[in-house]
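Below are the chains, spelled out letter by letter.
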Amino acid sequence: MSDHTAAPLPVPAPPAEGYSRREALVMGLFALAAAATTAGCSAADKLAYEEFVQKHFRDLTPEEMKDRLAGLEKKYSEQYGKSVKVSATPPIPGVLFGYALDLSRCIGCRRCVYGCVEENNQSRNPQTHWITVLEMDKEEGVNLQNADAFYDHETVPAPGKFYMPVACQHCENPPCTKVCPVEATWKEKDGIVVIDYDWCIGCRCCIAACPYGARHFNWGKPVIPKDELNPVTEYLGNRPRQRGVVEKCSFCIQRVRKGLYPKCVEVCPVGARKFGNLLDPESEIRYIIENKRVYILKEELNTQPKFFYYYGL
Amino acid sequence: MSFIRKTSNFVTGTARMAFLGGNKVYYAWLFLLVACIVQALFAYAHQYERGLISTNMRDSVSWGFYIGNFTFLVGVAAAAVLLVIPAYVYDWKPIKEVALFGEMLAVASIVMCLLFVLVDMGRPDRFWHILPGIGHMHMPSSIMAWDSIVLNVYLAINLIVASYLVYCAYHRIPYNKKIVVPLVIFSIPMAVSIHTVTAFLYNGMASRPYWNSAILAPRFIASAFCSGPALLLILFQILRKVSAFEIKDEAIHKVAELMAYAMGFNLFLFGAEIFREYYSNTHHLVHYEYLFSGLHGKASPIALYAWMSLAFAIISFLLFLIPRTRRMPLTMNIGCVLIYLSVYIEKGIALIIPGFTPDQLGQVYAYVPSMIELRVAAGVFGVGFLLFTLMVKVSVVILFERDDQPVHA
Amino acid sequence: MFFRVGSLARNRSMWGRMTRMRAVRLAAAGGWAALLLTAACGPVQEKGPRFGNVVDSAAKTTVTLFPVAPPPFSDGIFPCSQCHGPTDKVNRTPHVVDFHSEIVLHHDEKNRWCLDCHDARNRDKLHLADGRLIDFTESYRLCGQCHGPTLRNWKAGEHGKRTGSWSGAKQYLLCASCHSPHSPHFKPLKPKAPPLRQEAIR
């Protein structure tokens, strides 16, 4: 742009004083819009409004947390026609959860997949599975490029194949929590990587960042049949999710913080899955790490998973 | 006149300039854009109601057409600076007159970028969660949070500068250099930063070896610089024909020359990537195999486009490099179209999809955009083009058509 | 050990003859014994693979008890002494028997047969290699004679399934609960349905 001043030209006459008709019309429209939004608010609208403006989970005071949990319990109980409990159990001090899975024993029966679906209230349609079981060649070893998640044999194990179930590895250095723009996902003190479904904006940065394909998005409205709902839920875990948010394995946070094993550990028919407190020197998870040949998936990415594959046989 | 009067005068005056006085082609173009937008509103309503399941994105390919377009348009927005740098830093007069149009292109592009992010979000009603102060912005570790900041700052700068310049020209008052020049100078590193931060969004992810390469940020800048100005060059030639818009041939040829160098650098970086993947021949090669041919015996739906993009890039590079073809309008315009298409495919399709295919566990999901995605994207482009058209119309009227002596902007 | 503690309490003249060190050592040993007995008889509160020990007085060694699920007997088969008396004549040469024909031995059958594990005289018990009798609830000790590393891993909780609480009491399964002792190799299972292809998710 050059900075020379143009010669002055006739200036248009200023308009008359006071509000013009156009200005009055615009102001009236705004007032009408404001009135319309505040009038006619029902209780459902109020609940929706409260859900819209609710704060980040970690910023809630204990009373606000109680109110929020009570509101959610009411909502889910009405939605599913049974009494649903939503807790926000704090982590147990002195505990860091670890998981081990014996690759020499898994037969690929997928009972863990469906046990998890039932325990953690995953959507049946559109289908969500938190655990993906990969079938690979024994001769080749772990090669994800030749892995098949969609195998469908008459019986398993198929000859010459081994099986590797993959779910959230609950990394100590998680790449997913790093990239979340609103910190809707974080690592708790007991090592579980959790998601606040009410804060997630659905941008899916975390799904792009996860090296293990462990995170899943609710592309459509999740549907759980009423009679299959597990009513014992956790705010950061298996409570029913909404459309447009991310979810993933939470180590069955609603079970493990009460001292139980995750559902997949209990359901596995061959005892390939092990779980425990990494800080307890007497636990079986410590025994495995100290005595067995342990394999970490994509170890070079330095995510430091707390999920240890091992070869027991 | 008071400031409020001046502003309301400006608003109504420019509105008149934008919508009145055009010819048949102009109104047909506006009608086409509005039609695009209206059909997109219906498509988006469908998507908002049913969720993102109405797109073809799934867990394996969790970003698709929307984010691809977003990435491309960030590049176009950053390219405005290619015109600004020589004009202001080197005080090269033939380009100064067009810097304003570059800034307006940047504004329209950033608006399109933000709209693409909005339509891609699973919970757009929760967009306020990212606003600092009332939401919870995850700084400094989230690159997406950084991107939201730099994009909005860049938008603000360009909006302020462009509207201030047009405002001053409308009222025929000299603009205050002390306001404009620092902002313009600041927009140079901002332009580089918006595209670098967007590149960092991808190349910071160790989970996606196709993107996890240091060369991604320079590649983004190079391809941005060669694609953004292409649009402007075509625009200027059109404006020269249909209005009193003036621009020296010298300026056009210089921009085309700079685009040649940018594309040359882009091809060099692309060649470096190809060498690394094919020579090292690790498992990470699967992504390039999907891009250029296919996997597991199935042809890839994007292979044709990838080869087209490469061919267009080489052809347009040569057209811009050779001075004769650069100066001849026909070949130059062919080069502009080819370069635009090449970078559009490269940033939109060839960047996003092979990054997700195969996915982290080796499974292949062949993604192609759904009809809803195409319709909504057309609408977003409609919004951007409409904004740009109106801004350009207003500027051309103010700067070139209003007085007997055209005011050089 | 118990005899000594008992006699210690009764016979005061012995106290005068022993040195103080020996007394302290004996008291400690007695304390240990009391602790172990309490641990063995009290509620099983494991945290990891530590469990109560009991004395196997026949062999003068301690063995470890585990909280296991009941042995997976077929209906009506136990107690075996319903049919097999302690004084029945037994043919100790490996041969095919007429009864129990539903059992097909497929467990090192070239070198082993029924009476290598089942006791010939007391059919309600199993016997270890040295002849010691054990209950069916301790059958893991028998399996462990050949499958030593497996037994070690099982005790640590690595081999096989344990249910219960990661932080508290756990329930073991017997080897026989999963591996039929006569034909231990797992039969293949029918897998549950594969996930839907993502193209099919609408």
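Reading the values: rules and limits
Residues numbered from 1 in each chain as written. Chains lettered and ligands numbered in written order. Predicted model: local features only at pLDDT ≥ 70, side-chain atom pairs only at ≥ 80, totals over all residues. Heavy atoms only, no water. Helix = DSSP H or I, 4+ residues; strand = E, 2+ residues; numbered from the N terminus. Buried < 20%, exposed > 50% of the residue type's maximum accessible area, 1.4 Å probe, protein only. Pairing = 2+ DSSP bridges. pLDDT = per-residue confidence, 0-100. Contact = heavy atoms within 4.5 Å. Core = buried A, V, L, I, M, F, W, Y, C linked by side-chain atoms within 4.5 Å. Buried area = accessible area lost by both parts, 1.4 Å probe. Salt bridge = Lys/Arg side-chain N within 4 Å of Asp/Glu carboxyl O. Polar contact = N/O pair within 3.5 Å; in protein donor to acceptor, adjacent residues only side chain to side chain. Nonpolar A, V, L, I, M, F, W, Y, C, P; charged D, E, K, R; others polar. Axes fitted to C-alpha atoms, helices over the stretch in contact; angles between N-to-C directions. Phe/Tyr/Trp six-rings, centres within 6.5 Å; stacked < 30°, edge-to-face > 60°. Lys NZ or Arg CZ within 6 Å of the ring centre and 35° of its normal.

**Regarding unusual backbone geometry**
Residue P126(A) is reached from N125(A) by a cis peptide bond, and omega for that bond is 5°. Position of P126(A) among the secondary structure elements: in the loop between α4 (111-119) and β3 (132-137). The residue after M139(B), namely P140(B), is reached through a cis peptide bond having omega -5°. The residue N121(A) is not glycine, and still its phi comes out positive at about 55°. Tracing the backbone through its elements, the reader meets N121(A) in the loop between α4 and β3. The phi angle at N302(A) is positive, at roughly 55°, despite the residue not being glycine. Position of N302(A) relative to the elements: it lies in the loop between β11 (293-295) and β12 (307-311).

**Points about the pairing of strand β4 (residues 161-166) of chain A**
Residue and element names in this part refer to chain A. Counting buried residues along β4, 5 of its 6 residues qualify, which places the element largely inside the surrounding structure. As paired elements, β3 and β4 share 6 bridges and run antiparallel to each other. Bridge pairing links L134 to M164 in β4.

**Details of the confidence of the model for chain B**
Per-residue confidence for chain B gives a mean pLDDT of 90, with 94% of residues at or over 70. For residues 404-409 of chain B, every residue scores under 50 in pLDDT, and the model assigns this stretch 12 contacts once sequence neighbours within four places are set aside.

**Focus: the nonpolar core**
Soluble globular proteins tend to bury their nonpolar side chains together. Core analysis: the biggest nonpolar cluster contains 160 residues, and W63(B) and F101(B) have the highest contact counts within it. If we ignore the near neighbours within four places in the chain, the residues touching F101(B) are L232(B), F236(B), L239(B), F245(B), F388(B), V392(B), S395(B), V396(B) and F400(B). Residues F57(A), F97(A), A147(A) and F307(A) belong to the second largest nonpolar core, which totals 65 residues.

**Here we look at the interface of chain B and chain A**
By a frequent convention, interface size equals the accessible area lost on bringing the separate parts together. Counting residues at the interface gives 56 residues for chain B, matched by 61 residues for chain A. Counting the surface lost from both chain B and chain A, the interface buries some 5,000 Å², and carbon and sulfur atoms represent 57% of this. Linking chain B with chain A are 1 salt bridge. The salt bridge involving R204(A) is made with D120(B); its shortest N-O contact spans 2.7 Å. Counting the contacts that link chain B with chain A gives 32 residue pairs in polar contact (both at pLDDT 80 or more). Grouping the constituent residues of the side of chain B that touches chain A by class yields 25 nonpolar, 17 polar and 14 charged.

**Topic: the sheet that holds β11(A)**
All names here are of chain A. Strands sit in the order β10-β2-β12-β11 across an open sheet of 4 strands; the sheet is mixed. Either end of the sheet is taken by a strand with one partner, and the two such strands are β10 (273-277) and β11. Within the sheet, the average angular offset between the axes of one strand and its neighbour, ignoring direction, is 30°. Here 5 bridges tie strand β2 (residues 97-102) to β10, and the two strands are oriented antiparallel to one another. Residue pairing in the sheet places F97 in a bridge with N277 of β10. Packing of helix α9 (residues 284-291) onto the sheet brings it into contact with β2, β10, β11 and β12, and relative to β10 it is tilted by some 110°.

**Looking at the side chain of R255(A)**
Considering the arrangement of structural elements, one finds R255(A) in helix α7 (residues 253-256). Sequence-distant contacts of R255(A), that is, excluding residues within four places in its chain, are made with E119(A), L260(A), Y261(A), P262(A), K263(A) and E266(A).

**Some thoughts on the interface of chain A and chain C**
Counting residues at the interface gives 45 residues for chain A and 31 residues for chain C. Summing both partners gives a buried area of about 3,300 Å² for chain A against chain C, and 55% of it is carried by carbon and sulfur. Summed over the three residues of chain A that lose the most area to chain C, namely F150(A), Y261(A) and E282(A), the buried surface amounts to 19% of that side. Linking chain A to chain C there are 3 salt bridges. With a shortest N-O distance of 3.4 Å, R105(A) and E158(C) are connected by a salt bridge. Counting across the interface, chain A meets chain C through 21 residue pairs in polar contact (both at pLDDT 80 or more). Where the side of chain A that touches chain C is concerned, the elements lending two or more residues are β2, α4, α8 (263-267), β10 and α9 of chain A. Ranked by residues supplied to the side of chain A that touches chain C, first place goes to β10(A) with 4 residues. Looking at the side of chain A that touches chain C, its residues break down into 23 nonpolar, 10 polar and 12 charged.

**Structural notes on helix α9 (residues 285-292) of chain B**
Most of α9(B) sits out of view: 7 of its 8 residues are buried. Listed in full, the buried residues belonging to α9(B) are L285(B), V286(B), H287(B), Y288(B), Y290(B), L291(B) and F292(B).

**A word on the side chain of N121(A)**
Residues and elements named next belong to chain A. A residue is classified by how much of its surface remains accessible, and N121, at 2% relative accessible area, is buried. Looking at N121, its side chain comes within polar contact range of the main-chain nitrogen of N230, at 2.8 Å. A polar contact is formed between the side chain of N121 and the backbone oxygen of N238, at a distance of 3.0 Å. If we skip the residues at most four places from it in the chain, N121 touches C116, I224, E228, L229, N230, T233, N238 and R241.

**Here's the deal with the packing of aromatic side chains**
Evaluated as defined, the whole model comprises 43 aromatic pairs over all chains. Relative to W166(C), the ring of F97(A) has its centre 5.0 Å away and its plane inclined at 85°; by these criteria the two rings are edge-to-face. With one member in each of two chains, F97(A) in strand β2 and W166(C) in the loop between β5 (162-164) and β6 (170-172) form a pair that bridges those chains. As far as the burial class goes, F97(A) and W166(C) line up, both buried. Put simply, the rings of W29(B), Y66(B), F72(B), F116(B), Y340(B), Y344(B), F381(B) and F385(B) pair up and form one aromatic cluster. A cation over an aromatic ring shows up here: R239(A) above the ring of Y235(A), its NZ or CZ 4.0 Å from the ring centre. Over the face of the ring belonging to F220(B) we find K347(B), whose NZ or CZ atom lies 5.2 Å from the ring centre.

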